[in-house]
Amino acid sequence: MPGRFTLPHIDITARSTSQRYKGDSSNIQGTPRDRIEHGRRVQNELRVALQAAERLRPQDPRLPQATGLYLEVELDRGKKPDILDSSTQGVRMGASKVDAANRRTISLYVPDHARPAFEQILDEYLNGELTPIGQKPKNKTKVEAIESIRVAHIGTRWTDPKPIPADTQAMMWWALWCHADSVDSVLDLCARLNVRVADEERRMKFPEVTVVPVLANRVTIELMMFASEGVAELRLANDTPTFFIDDIEGEEHDWVDGLAERITWPGAEAPAVCILDAGINRGHSLIEPALTPQDMHALKPDEWGVDDHDDDGHGTAMAGLALHGDLTAALSDRSEKVLTHRLESVKVLPPDGFDPNEPQSYGVFTQAAIVLPEIEVPERQRVYCMAVTNDNISGAFASLWSAAIDQAAVGRMIADDDNAEDDAQRPKRLVIVSAGNVPADTDFLALRSQDEYPIEDPAQAWNALTVGGYTDLVNITDDGYTDWSPAVQAGELSPHSRNSTRWQHGIAPIKPEILMEGGNRAVNPARTEILTVDSLSLLTTGKDVGNAPLVAFDATSAATAQAGRLAAQLIADHPDCWPETIRALMVHSAEWTAPMRELIDRTPAKRDRYALVRRFGYGVASYDRATACARNHLAMVAQAEIQPYQFEGGREFNQCHYYRLPIPAAMLEELDNEPVELKVTLSYFIDPNPGLSANVDPQRYQSHGLRFDLQRRNESFGRFKLRVNAAERPKGGGKLRHEGSDPRWILGDDSISAGSLHCDVWTGRAVDLLQREWLCIKPVNGWCRKRSNRTICNRMTRYGLVVTLKTANVDLDIYTPVDLAVRTPIEIENPL
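This write-up is about the structure you can find in this document. (Residues numbered from 1 in each chain as written. Predicted model: local features only at pLDDT ≥ 70, side-chain atom pairs only at ≥ 80, totals over all residues. Heavy atoms only, no water.)

## What to know about helix α11 (residues 400-410)
Part 1: The buried fraction of α11 amounts to eleven of the eleven residues, a majority that puts the element mostly inside the structure.
Part 2: Residues Leu400, Trp401, Ser402, Ala403, Ala404, Ile405, Asp406, Gln407, Ala408, Ala409 and Val410 constitute the buried set of α11. (Buried < 20%, exposed > 50% of the residue type's maximum accessible area, 1.4 Å probe, protein only. Helix = DSSP H or I, 4+ residues; strand = E, 2+ residues; numbered from the N terminus.)

## Things to note about the packing of aromatic side chains
Aromatic ring pairs are defined here through the distance separating the ring centres and the angle between the ring planes.
Part 1: Enumeration over the complete set of coordinates arrives at 14 aromatic pairs.
Part 2: Taking 5.5 Å as the distance between ring centres and 75 degrees as the angle between the ring planes, the aromatic pair formed by Tyr21 and Phe653 counts as edge-to-face. Of this pair, Tyr21 sits in the loop between β2 (16-20) and α1 (35-55) while Phe653 sits in strand β32 (residues 651-653), and the two are 632 residues apart along the sequence. Grouping residues by exposure puts Tyr21 and Phe653 together as buried.
Part 3: Here the aromatic cluster, defined as three or more aromatic residues joined through ring pairs, consists of Tyr658, Phe717, Phe720 and Trp774. (Phe/Tyr/Trp six-rings, centres within 6.5 Å; stacked < 30°, edge-to-face > 60°.)

## Notes on the pairing of strand β7 (residues 172-179)
Part 1: The buried fraction of β7 amounts to eight of the eight residues, a majority that puts the element mostly inside the structure.
Part 2: Two strands pair when backbone bridges link them, and β7 and strand β10 (residues 209-216) are joined in this way by eight bridges, in the antiparallel orientation. The residue of β10 that forms the bridge with Trp173 is Leu215.
Part 3: Direction of pairing for β7 relative to strand β11 (residues 231-236): antiparallel, over a ladder of five bridges. When the sheet's bridge partners are listed, Trp177 is paired in β11 with Glu233. (Pairing = 2+ DSSP bridges.)

## What about helix α8 (residues 314-324)?
Part 1: Burial analysis of α8 places eleven of its eleven residues in the buried class, the great majority of the element.
Part 2: If you check which residues of α8 are buried, you get His314, Gly315, Thr316, Ala317, Met318, Ala319, Gly320, Leu321, Ala322, Leu323 and His324.
Part 3: Where α8 ends, the next residue or the one after it, Gly325, has phi of about 75 degrees, a positive value.

## With respect to the packing of α1 against helix α2 (residues 115-127)
Part 1: Two elements in contact, α1 and α2, have axes whose closest approach is 8 Å; the angle formed by their N-to-C orientations is 160 degrees. In terms of axis orientation, α1 runs roughly antiparallel to α2. In this structure, the crossing between α1 and α2 has a hand that is left-handed. Seen from α1, the contacting residues are Arg35, Ile36, His38, Gly39, Arg40, Val42, Gln43, Leu46, Leu50 and Glu54; seen from α2, they are Arg115, Phe118, Glu119, Leu122, Asp123, Glu124, Tyr125, Leu126 and Asn127.
Part 2: Counted by class, the contact of α1 with α2 contains eight nonpolar, four polar and seven charged residues. (Axes fitted to C-alpha atoms, helices over the stretch in contact; angles between N-to-C directions. Parallel < 35°, antiparallel > 145°, perpendicular 65-115°, else oblique. Left-handed = near helix turned anticlockwise from the far one by under 90°. Contact = heavy atoms within 4.5 Å. Nonpolar A, V, L, I, M, F, W, Y, C, P; charged D, E, K, R; others polar.)

## Digging into unusual backbone geometry
The general pattern is negative phi for most residues beyond glycine and trans for most peptide bonds.
Part 1: The omega torsion of the bond from Asp457 to Pro458 falls at 10 degrees, within 30 degrees of zero and hence cis.
Part 2: You can see Pro458 is positioned in the loop between β21 (430-434) and β22 (465-471).
Part 3: The residue after Lys511, namely Pro512, is reached through a cis peptide bond having omega -5 degrees.
Part 4: On the secondary structure map, Pro512 appears in the loop between β24 (492-493) and β25 (514-517).
Part 5: For Asn139, which is not glycine, the phi dihedral falls at a positive 65 degrees.
Part 6: Positive phi is not limited to glycine here, since Asn714 has a value of about 60 degrees.

## Some remarks on the sheet that holds strand β33 (residues 655-660)
Part 1: The sheet built from four strands is open, its strands ordered β2-β33-β37-β35 with antiparallel pairing. On the outer flanks of this sheet lie β2 and β35 (705-710), each paired with one strand and no other. Across the sheet, the mean angle from the axis of one strand to that of its neighbour is 25 degrees, orientation sign disregarded.
Part 2: Pairing analysis gives six bridges linking β35 to strand β37 (residues 774-780), with the strands arranged antiparallel. Opposite Gly705, over in β37, you have Val780 as the bridge partner.
Part 3: Helix α19 (residues 717-724) rests against β2, β33, β35 and β37 of the sheet, and its axis sits at about 15 degrees to β37.

Structure (structure tokens):
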């Protein structure tokens, strides 16, 4: 019997109007300063720091004389680090960090020739004449942003989450994050010091930095740090990728071939889930018809082969779930089945592990893996699925690996077409990654909170869709375990899954975005032991086809594979949807389970809800809700290109989009006090710019940002435009009086900061949505706006938008009135 979700999405793309946009200026205030006291203190600190820096100048006959010094500058609260950047004088900012006390420090390079000008800035602030208007000291903005100045040390530019290595003589691979225009000088330095540099193909290039792996000891690295202006940041380059594979036991079934015979297999033109893993055993009868030999790749096929080399058959298990979902029901269901997507495989790890003496850059490897299937079948639509993470490395900040994934998603890899300058015209890719797993300990009494296990690198990638696990599996039927109990109840977070509750909300994106079934664990009656058992796991294809064609599989690897399947199904259903829109549909389909929603509803303070959303994401995704509408649950979808900024005499915001939502007032009046829910999801891909201050300032990492804003109650369209868009206001009108936020949103305005996907839910009475039909999509700052290059500043980009309206009463038909309204021509009313 068909389900409720059988109606097509309502396309509202044509209901938008582009308008000139101007943003409000920031009102962030720092600490009030006493001019004399502050000026003298900073002046003295600068003098002491410069003297100390002089003593740190490298004295090595192999090196040319250093032509500048490094300082460590602590900034006042709310101040942007680039306020001290001065390209005209050669003063340039390096690493930017925030410590546990929320103090921001930056590394600042001051050329020798710029020292007088730097000192003059302080002197003019302290002793210069005040401005005629406002009686402000000269250079007030720059100087009062400084909290203190100290001499820099190697830790000033160390931004790796791991502690800086203490052994000064041990040889290891380091990642030099170099200013893009200084790579040659750093390479010259390496040559002079006989430092081994990774091949050029192992380097990653971003708009402002190029990451160069080098093999050296700490003594040499410290020498390099103070001998060149080119190294902005320093990190380790020894990532150790780990598959999260829990101990699972396979079992045989006699029905595998029977299921294979009941399936109508997809053709070569069908979209694919491309699994980046340890290879796949194509010999399985539930895999072979959907995976051709030409679609199996490896980074080094001649050395590694393309088959699944993992002892537990991780790649083959991923393939079964990505193609069929949980096989438990499929094997017992005797009906015919039609598959609308197929598989591809790229082996990203060698059977015997990497040579520890070789440079390791999994960002480069991942991008190389992504290109392989595109070369083989360039016209095929695909989604990339990866359940490989950095063992116990938190993804709180952008890493080289996560930034490489962001770069691949937005179409800015080296292999992409450089002739397509606009992001809107570049190839876009949906990459789905796992959140990572909690260690599978067996001592129940030693278990720690899942909140203590942050999501692992590279799942912090802004453009990727990160998947965590929940579970509905609570029935334990394994022999010898029937008196055990499930670790968590149905609808709760899977005990395997990590989360981002400990990440700083204003800096790190909300991860995971969605949850899929990840399995449960069993606890013994004495509550002393916890194990993973087959009946609390999913069933999938096994690598050992002869002895164990079916195996149990769980954790966030299983959840990620299922998310890959959902994405491919949506691509098959909606081939005209962009990857950004497919991601939006998946997240938009997600709903919190009853236990999750109860916790959220019991938490009235919006800021306290942030941690819950970082634990549960936006809920459990659903194919039915993602692909179609129901009578009482409709989705309005738009895809559009936008130019966030323009370079016309200055670097300014450029345009916003206004959407008139086709929600008839008569319908809302008729529904009256009926509870309704309005959900908005905005998805776009940013061009990443990691390094420097990107880890502490999201607007330095993103090329651009977008936000949505809904018309408020009793707010005319004219007033709405005046509030959201300064360009609509009379010249010299300034900001409008702050009217407070809309209280009916679950998360609210402040929840939207980092990330390239934004989602929130409005709940209330239908009548309270009256005259709230306008939605604005507007830009916020990103590094593209700061670039002097006109072409970069004027880039076009694109987004996917999904707006859902639903009622709890399944007997109500709100789809038909909205569907009729969307066919009615619209006019933009006078704003005043």
